[in-house]
Amino acid sequence: MVPQKQAEAAIVMSEREQDDQREEERADQSIASFKNLLWHGGSVYDSWFSCASNQVAQVLLTLPYSFSQLGLLSGVLLQVFYGLLGSWTAYLISALYVEYRTRKEKENVSFKNHVIQWFEVLDGLLGPYWKAAGLAFNCTFLLFGSVIQLIACASNIYYINDNLDKRTWTYIFGACCATTVFIPSFHNYRIWSFLGLGMTTYTAWYLTIAAFVHGQVEGVVHSGPTKLVLYFTGATNILYTFGGHAVTVEIMHAMWMPQRFKYIYLFATFYVFTLTIPSASAVYWAFGDQLLNHANAFSLLPRTGFRDAAVILMLIHQFITFGFACTPLYFVWEKVVGVHDTKSMCLRALVRLPVVIPIWFLAIIFPFFGPINSAVGALLVSFTVYIIPALAHMLTYRKASARQNAAEKPPFFLPSWTAMYAVNTFIVLWVFVVGFGFGGWASMRNFIKQVDTFGLFAKCYQCKAPPPQHH
């Protein structure tokens, strides 16, 4: 009987151990599922949130400033125009990515531990000179895009706590943003993209409602546009607004099915219109020409709990957008150093840190919130986001055989290759002449004016009235 009881006890113990093991497995699966829910995104919806969240960051606060330069009608029309242009060139980039990846996979090339980037697409389709151009423009744009986020962080926090000047806040936020080195890739921005879009949605509607509640300031004047310099400066800031797809390839590569990206940027842009047009219009209606000397919309609205909440949410969102802009730079640097394929995140984070240092330094040298957006838009975004993708698409499919074997055929709303060439040619000419030419002239004049007025390494840009200029 004793052996039988021992056997029964052993069976009971075994069943308990199995139950415990099953519970542990279920717990591990629950933890893994929860982790994947927050951390590991690659769906169409993740890409939509990434595109929409990345597009409207701090530029939301500078668009009323642009409206004061452009006037209300031009401001709204140019938003729609550049939004559609940006959506089209994002579509071109996605088509070229699919073409490149299809060709490489036919050659049995694996991308298991490798993130494809825009300059590699250009290299594979058009050769080393295009790779060099893509690398130079894209990296420089992303570098200054990250600089702009740091400047915006310092500019915003100052409206809650002015005990420290903006330059000191830049030091602090530079250290905070350096923690983005620990985010492995765009797969891991799922929860951040979702939260980021919620933050900008709140801020946009806060600006709209607060402006109407505040009402028009006494003697408000809406004189814009008055000068060509101001007009084209404002126009290039809007060109910059809808040029956030310098990270399109990396976002696509993070998708489980990249071929489904085609129209995501367009749908993201439609949502962004619901944030940018009402908020910029309302703030411009309330304050008019006062915005010409206040690039940050927060600076004119009275301090309330709602405004402080908007400032804090934008700070968090700018941290997220800093990561968006910096992650492709991290990938490039990892490839240069030779650690991109390693699975050790600690080693990759350590290697990434030097990328943050020049960004930090440039944000301290050029703290010109607003004018720097226009300069970057004219000199970098015009090529990175508009001209290079349009030219690359035309050259990739210049031969009849390439068009016949294209992995991505023309879209249903523009089924002719001739029509696609016509649209691409228009974009190249328009952006080169208006965006880079007139926009570059205007934005650099405005930028130089800020340097003359406030100086490099300005301790607190637009904190007080600028000193009088002597001629």
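- With an unreviewed UniProt entry as reference, the chain is termed Auxin transporter-like protein, source organism Actinidia chinensis var. chinensis.
- Entered under Subcellular location (unreviewed entry) in the UniProt record, the comment concerning the chain runs "Membrane".

**A word on the overall build of the chain**
Next up, step 1: On a plain count of helices and strands, the chain comes out with 16 helices and 0 strands.
Next up, step 2: For the chain, the proportion of its 471 residues judged to be buried stands at 54%.
Next up, step 3: Long-range contacts, defined here as pairs at least 24 residues apart, represent 85% of the contacts in the chain between residues at least 6 apart.
Next up, step 4: For the chain, the exposed surface amounts to about 20,700 Å²; the carbon and sulfur share of it is 66%.

**Regarding the packing of aromatic side chains**
Next up, step 1: For the structure on display, the rule yields 29 aromatic pairs.
Next up, step 2: Each residue in the set F81, Y82, Y386, F426 and W430 is aromatic and connected to the rest through ring pairs, giving one cluster.

**Details of a nonpolar patch on the surface**
Next up, step 1: On the surface, L228, F432, V433, F438 and W441 cluster together into a nonpolar patch covering about 500 Å² of accessible area.
Next up, step 2: Here the nonpolar patch takes 4 residues from helix 16 (residues 417-454), the largest share from any one element.
Next up, step 3: Locating L228 in the fold gives a position in helix 9 (residues 228-241).

**Side note on unusual backbone geometry**
Next up, step 1: Its identity as a non-glycine residue notwithstanding, N108 has a phi of 60°, on the positive side.
Next up, step 2: N108 gets classed as exposed once you look at its relative accessible area, which sits at 72%.

**A short note on the pattern of salt bridges**
Next up, step 1: Under the defined criterion, the tally for this structure stands at 9 salt bridges.
Next up, step 2: D46 is the salt-bridge partner of R190, the closest N and O atoms lying 2.8 Å from each other. With R190 in helix 8 (residues 190-214) and D46 in helix 2 (residues 44-56), this residue pair connects regions lying 144 residues apart in the sequence.
Next up, step 3: The shortest N-O distance in the salt bridge between K262 and E408 comes to 3.1 Å. One end of the pair, K262, is in the loop between helix 10 (248-253) and helix 11 (264-287); the other, E408, is in the loop between helix 15 (400-404) and helix 16, and 146 residues separate them in sequence.
Next up, step 4: Here K262 falls in the partly exposed class, since its relative accessible area comes to 28%.
Next up, step 5: Linked by salt bridges that have partners in common, E334, R348 and R352 make up one network.

**Things to note about the side chain of S53**
Next up, step 1: Checked against the element boundaries, S53 lands in helix 2.
Next up, step 2: Residue classification places S53 among the buried positions, given a relative accessible area of 1%.
Next up, step 3: The contacts of S53, once residues within four sequence positions are left out, are S193, G196, L197 and H317.

**Let's talk about the confidence of the model for the chain**
Next up, step 1: Averaged over all residues, the pLDDT of the chain is 83; the fraction at 70 or higher stands at 86%.
Next up, step 2: Put simply, helix 1 (residues 2-39) is where the chain has its lowest mean pLDDT, 46, and helix 11 is where it has its highest, 94.
Next up, step 3: Note on residues 1-32: pLDDT under 50 across the span, and 0 contacts to partners over four residues away in sequence or across chains.
Next up, step 4: Note that pLDDT drops below 50 for residues 465-471; the model gives that stretch 5 contacts with residues more than four away or on any other chain.

**Focus: the environment of G338**
Next up, step 1: Mapped onto the elements of the fold, G338 is located in the loop between helix 12 (305-337) and helix 13 (345-365).
Next up, step 2: With 10 residues separating them along the chain, G338 and R348 place their C-alpha atoms 10.0 Å apart.

**Here's the deal with the environment of S279**
Next up, step 1: Along the polypeptide, S279 turns up in helix 11.
Next up, step 2: For S279, a relative accessible area of 1% puts it in the buried group.
Next up, step 3: The spatial distance from the C-alpha of S279 to the C-alpha of L60 is 8.0 Å, given a sequence separation of 219 residues.
Next up, step 4: Contact partners of S279, with chain neighbours within four places excluded, come to L60, A204, L207 and T208.
Next up, step 5: A distance of 3.3 Å separates the side chain of S279 from the backbone oxygen of T276, its partner in a polar contact.

**Overview of the packing of helix 6 (residues 128-157) against helix 7 (residues 166-177)**
Next up, step 1: Running from N to C, helix 6 and helix 7 point in directions that differ by 125°, and their axes come no closer than 8 Å. The angle between helix 6 and helix 7 falls in the class oblique. Where helix 6 crosses over helix 7, the handedness of that crossing is right-handed. Where helix 6 approaches helix 7, its residues L150, C153, A154, S155 and I157 are matched on the opposing element by K166, W169, T170, F173, G174 and C177.
Next up, step 2: Looking at side-chain class alone, the contact of helix 6 with helix 7 contains 7 nonpolar, 3 polar and 1 charged residues.

Cut-offs applied
Residues numbered from 1 in each chain as written. Predicted model: local features only at pLDDT ≥ 70, side-chain atom pairs only at ≥ 80, totals over all residues. Heavy atoms only, no water. UniProt positions renumbered as here; feature names shortened; annotations may be inferred. Helix = DSSP H or I, 4+ residues; strand = E, 2+ residues; numbered from the N terminus. Buried < 20%, exposed > 50% of the residue type's maximum accessible area, 1.4 Å probe, protein only. Contact = heavy atoms within 4.5 Å. Areas by Shrake-Rupley, 256 points an atom, 1.4 Å probe, with all protein chains shown as cover. Phe/Tyr/Trp six-rings, centres within 6.5 Å; stacked < 30°, edge-to-face > 60°. Patch = residues over 30% accessible without salt bridge, like charges linked within 9 Å, V, L, I, M, F, W, Y side chains within 5 Å. Salt bridge = Lys/Arg side-chain N within 4 Å of Asp/Glu carboxyl O. pLDDT = per-residue confidence, 0-100. Polar contact = N/O pair within 3.5 Å; in protein donor to acceptor, adjacent residues only side chain to side chain. Axes fitted to C-alpha atoms, helices over the stretch in contact; angles between N-to-C directions. Parallel < 35°, antiparallel > 145°, perpendicular 65-115°, else oblique. Left-handed = near helix turned anticlockwise from the far one by under 90°. Nonpolar A, V, L, I, M, F, W, Y, C, P; charged D, E, K, R; others polar.

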